[in-house]
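Reading the structure
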Amino acid sequence: MFVQSKSLLVSLLICGASIAFTPDASVSQNLQNLQSPDRSKRRAAVRALEKLKPDQAKLIAPKVIELATDQKVDRKIRLDAIYLLESLHRVSEAVIPTLIQLLNDKDFAIAEESSYTLMEIGAPAIPALEKVARSKMLAQSRLAVQTLRSIGPDSIPALIRLHDLKDARLSRYARVYLRSVLRRARRVKDKKALSLVV
C-alpha cells in the first residue's frame, strides 16, 4: 500500500512539475500577440511577458529569440522581440550571443536595437562585446565598441584593452569612446571608474 502511495505521489509530482513548466493560456496568447500587426497588442504583450516568473520566462526565450532572428518576420515584430530579450537574459544563456549576432544584421534598425538592448543588459554583455569588437567585420566591430561606451564605467577595462591593440582603426574608436566615458566619469566624480585608468 505504501509503495503504491509513493508511486502515486511521484506521478502527481511529475504531473505537477510538467503543468508548472508549461506556458499557460495567457502566456501563449501574449506570445501570439507579440506577432500581431497591431502595435498596441504587441506592446501590451511585451509588458506582460516582461513580468513572467523565471520558469515561464525560460520557456518563452527560444520563441522570442526565433522571432528576433527570423529575417522573414516583419521588422516591427523583430524590434519588439529584441526589446523583450533584455528581460530574458537572466534565464537564457542564448540571449547575449543572439544579440551579438544581430549587431551584424543587414537591417541597421535591428542592429541598433540589439546594441541598445546589450547596453541595457550592461556588464554581463561586456566580454562578448569585447570579443566581437576585435572581429574583422567593420560595422559590427564599431557598433560593439559604441555599445561598450554606452554601458559606461564598467566597460573601461575593455576599452583600454581595445585601445592598446595594434589595429589602428579599432584603437582609434576605442580611444574616442574611452575619452567619452572618462569625461562622463569625471563629471559625476566617479572615483571607482577613474581609478581603473591609473
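Residues numbered from 1 in each chain as written. Predicted model: local features only at pLDDT ≥ 70, side-chain atom pairs only at ≥ 80, totals over all residues. Heavy atoms only, no water.

**Here we look at the environment of Pro-157**
Our working rule: Going along the chain from the N terminus, every DSSP run of H or I of four or more residues is numbered as a helix, and every run of E of two or more is numbered as a strand.
On the secondary structure map, Pro-157 appears in helix H10 (residues 156-163). When the C-alpha atoms of Pro-157 and Ile-126 are compared, they prove to be 9.8 Å apart, with 31 residues separating the residues in sequence.

**Details of helix H3 (residues 39-50)**
Threshold: Take the residue count of a helix, subtract one, and multiply by 1.5 Å to get its expected span. Buried residues are those whose accessible area, probed at 1.4 Å on protein chains only, stays under 20% of the maximum for their type, while exposed residues exceed 50% and partly exposed ones sit between those limits. Each C-beta atom gives one direction from the helix axis, and the arc is the one those directions make. Between two residues, a contact is recorded if the distance between any of their heavy atoms is within 4.5 Å.
In this model H3 runs 16 Å from its N-terminal to its C-terminal C-alpha over twelve residues, within 8% of the 16 Å that 1.5 Å per residue would give. Of all the residues in H3, the buried ones are Arg-42, Ala-45, Val-46 and Leu-49. An end-on view of H3 places all buried positions within 100° of arc, on one side of the element. Buried residues along H3 sit against helix H2 (25-33), helix H4 (54-69) and helix H5 (75-88).

**Let's talk about the side chain of Glu-130**
Just so we agree on the cut-off: Any pair of nitrogen or oxygen atoms within 3.5 Å is treated as a polar contact; in protein, a donor-acceptor pairing is required on top of that, and neighbouring residues in sequence qualify only through side-chain atoms on both sides.
With respect to the helices and strands, the residue Glu-130 is situated in helix H8 (residues 126-133). Under the relative-accessibility criterion, Glu-130 is labelled buried at 8%. Side-chain polar atoms of Glu-130 contact the side chain of Arg-161, separated by 2.8 Å. Ignoring anything within four residues of it in the chain, the contact list for Glu-130 reads Leu-148, Ala-158, Arg-161 and Leu-162.

**Observations concerning the pattern of salt bridges**
Put simply, the test is: Salt bridges are counted wherever a side-chain nitrogen of Lys or Arg sits within 4 Å of a carboxyl oxygen of Asp or Glu.
Taken as a whole and assessed by the stated rule, the structure comprises seven salt bridges. The partner of Arg-134 in a salt bridge is Glu-130, with the nearest N and O atoms 2.8 Å apart. Here the salt bridges share partners, and the residues they tie into one network are Arg-42, Arg-43 and Asp-80.

**What to know about the environment of Asp-55**
Looking at the secondary structure, you find Asp-55 in helix H4. Spatially, the C-alpha atoms of Asp-55 and Val-91 are 8.0 Å apart, while their sequence positions differ by 36 residues.

**Here we look at the side chain of Asn-30**
Within the secondary structure, Asn-30 sits in helix H2. Classification of Asn-30 by relative accessible area gives buried; the value is 16%. Beyond its immediate sequence surroundings of up to four residues, Asn-30 is in contact with Ala-45, Ala-48 and Leu-49.

**What to know about the confidence of the model for the protein chain**
Rules: Confidence of the predictor in every single residue is expressed as pLDDT, which spans 0 to 100.
When the pLDDT values of the protein chain are averaged, the result is 80; 72% of them are 70 or greater. When mean pLDDT is taken per element in the protein chain, helix H6 (residues 95-102) scores highest with 96 and helix H1 (residues 2-20) scores lowest with 40. Segment residues 1-22: pLDDT under 50, and six contacts once partners within four positions in sequence are set aside and those in other chains are kept.

**Some words on the packing of H3 against H5**
Definition in use: Axis geometry follows a simple rule: fit a line to the C-alpha atoms, using only the stretch in contact for helices, then measure angles between N-to-C directions, giving values from 0 to 180 degrees. An angle counts as roughly parallel when it lies under 35 degrees, as roughly antiparallel when it exceeds 145, as roughly perpendicular when it falls between 65 and 115, and as oblique in every other case. Should the near helix be turned anticlockwise from the far one by less than a right angle, the crossing is left-handed, and should it be turned clockwise, the crossing is right-handed.
Packing of H3 against H5 brings their axes to within 10 Å, and their N-to-C directions diverge by 15°. The orientation of H3 relative to H5 falls into the category roughly parallel. When the axes of H3 and H5 are compared, the crossing they make is right-handed. Counting all contacts with H3, which are made through Arg-42, Arg-43, Val-46, Leu-49 and Glu-50, the residues of H5 involved are Lys-76, Ile-77, Asp-80, Tyr-83, Leu-84 and Ser-87.

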